[in-house]
Amino acid sequence: MDGVTVPGRVDGRTARAERTRAAIVEAHLALISEGDLRPTGDRIAERAGISLRTLWTNFKDMETLFEASGAEVLRQQDAVHRPISTGLPLAKRVDAYCRQRARLLQLIAPSARAAQMREPVSDQLHRNRLTHIARVRDEVEELFAAELAQAGWGREQLVNALVAASMWPAWSMLRDGLGLGVDQARAVMARTVGALLAEVPVD
C-alpha cells in the first residue's frame, strides 16, 4: 500500500479540516456577536476548542480568517435574502427593499462594527466591504432599473446615492448615532430612498 493514495483517508482528512475551519470561523463570529470586536487568536482557538497551533495551521494569519468569516457572513445574508419583484409599483419596491436592507444590516451589525475598527489596517476587510457594496449596487440597479433608465446623465450619481443610503455607515448613524429603533431607522431609510427616486422625471 506504500505510495498508494487511499480515497477514504483523504476524504476523511479533508472533511475534518473543513469542520475545523468552519468551527474557527463560527467561533470568530460568535465572539464578535457577543461584543468581543477584536478577538485574539488565543480567544478564538479557545472558543473553537482547538489549539492555537491548529488555528494558525488552518489560517496563516488574521487576513485569511477575515476572508473566510466575510464569506460566511455573505452566506448568512444569502440564506435570508428574498428576491423582490421588479413589477411592483415603486412605493412597494422601496418599502420591500428597505425592509430587507434593515433585516440584513441588523444581521451583519456585529461583524460590521468589528470590521470598522480594523479595516484601516486590513486589506481583506476593505475587500470584504467592497464586495458588500457591489452586491447592493447590483440589487439597486436591478430593482430600480425603470427609474434609473429615466435619470439620464444623473444615473450614476443616483445609483451612488441609493447605495450610500442603504449601507452600514448610514444604518449605523441611524441606529447608533441617532439612537433610533429598527423600525424608525427603516422608515428614515425608506424616506431617503423614496425621495431620491421621486426626483426622477417620469415619461
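Read on for a plain summary of the structure. (Residues numbered from 1 in each chain as written. Predicted model: local features only at pLDDT ≥ 70, side-chain atom pairs only at ≥ 80, totals over all residues. Heavy atoms only, no water.)

1. Some thoughts on the overall build of the protein chain
The number of helices and strands found in the protein chain is 10 helices and zero strands. Written out in order from the N terminus, the α and β elements of the protein chain read α-α-α-α-α-α-α-α-α-α. By the compact-globule yardstick of 17 Å for 203 residues, the protein chain is too spread out, its C-alpha radius of gyration being 21 Å. In terms of overall dimensions, the protein chain has a C-alpha envelope of 75 × 40 × 25 Å along the principal axes. By sequence separation, contacts in the protein chain at least 24 residues apart represent 66% of the contacts at least 6 residues apart. Surface exposure of the protein chain reaches about 11,700 Å², of which carbon and sulfur atoms provide 54%. (Helix = DSSP H or I, 4+ residues; strand = E, 2+ residues; numbered from the N terminus. Rg over C-alpha atoms; globule rule 2.2 N^0.38 Å. Contact = heavy atoms within 4.5 Å. Areas by Shrake-Rupley, 256 points an atom, 1.4 Å probe, with all protein chains shown as cover.)

2. Considering the packing of aromatic side chains
A full pass over the atoms with the stated rule returns one aromatic pair. When the ring of Y97 is compared with that of F144, the centres are 5.6 Å apart and the planes differ by 80°; the resulting orientation is edge-to-face. Of the two residues, Y97 is situated in helix α5 (residues 90-118) and F144 in the loop between α6 (123-143) and α7 (145-149); the sequence distance between them amounts to 47 residues. (Phe/Tyr/Trp six-rings, centres within 6.5 Å; stacked < 30°, edge-to-face > 60°.)

3. Considering α6
In this model, α6 (21 residues) spans 30 Å end to end at C-alpha, consistent with the 30 Å of a helix rising 1.5 Å per residue. Three or more residues of α6 are buried, namely Q124, L125, N128, H132, V136, E139, V140 and L143. The buried residues of α6 occupy an angular sector of 170° when the element is viewed end-on, so they sit on one face. Of the exposed residues in α6, those oriented more than 90 degrees away from the buried face are D123, D138 and E142. Structurally, α6 contributes buried residues whose contacts are with α4 (62-80), α5, α7 and α8 (155-166). (Expected span 1.5 Å × (residues − 1). Buried < 20%, exposed > 50% of the residue type's maximum accessible area, 1.4 Å probe, protein only. Arc of directions from axis to C-beta.)

4. Side note on the side chain of D36
Residue position: D36 is located in the loop between α1 (7-33) and α2 (41-48). At 2.7 Å, the side chain of D36 forms a polar contact with the side chain of R43. Not counting residues up to four positions away in its chain, the partners in contact with D36 are L31 and R43. (Polar contact = N/O pair within 3.5 Å; in protein donor to acceptor, adjacent residues only side chain to side chain.)

5. Side note on the packing of α5 against α6
Packing of α5 against α6 brings their axes to within 12 Å, and their N-to-C directions diverge by 175°. Relative to α6, α5 is oriented roughly antiparallel. Residues R93, Y97, Q100, R101, I108, A115 and R118 of α5 lie in contact with α6, whose contacting residues are L125, H132, V136, E139, V140 and L143. The residue inventory of the contact of α5 with α6, partitioned by class, reads seven nonpolar, two polar and four charged. (Axes fitted to C-alpha atoms, helices over the stretch in contact; angles between N-to-C directions. Parallel < 35°, antiparallel > 145°, perpendicular 65-115°, else oblique. Nonpolar A, V, L, I, M, F, W, Y, C, P; charged D, E, K, R; others polar.)

6. Digging into the nonpolar core
Nonpolar side chains in soluble globular proteins tend to be buried together. Ranked by internal contacts, the top residues of the largest apolar core, which has 49 residues, are F144 and V193. Where this core is concerned, the elements lending two or more residues are α1, α2, α4, α5, α6, α8, α9 (168-177) and α10 (182-198). At nine residues, α5 tops the list of elements feeding residues into this core. (Core = buried A, V, L, I, M, F, W, Y, C linked by side-chain atoms within 4.5 Å.)

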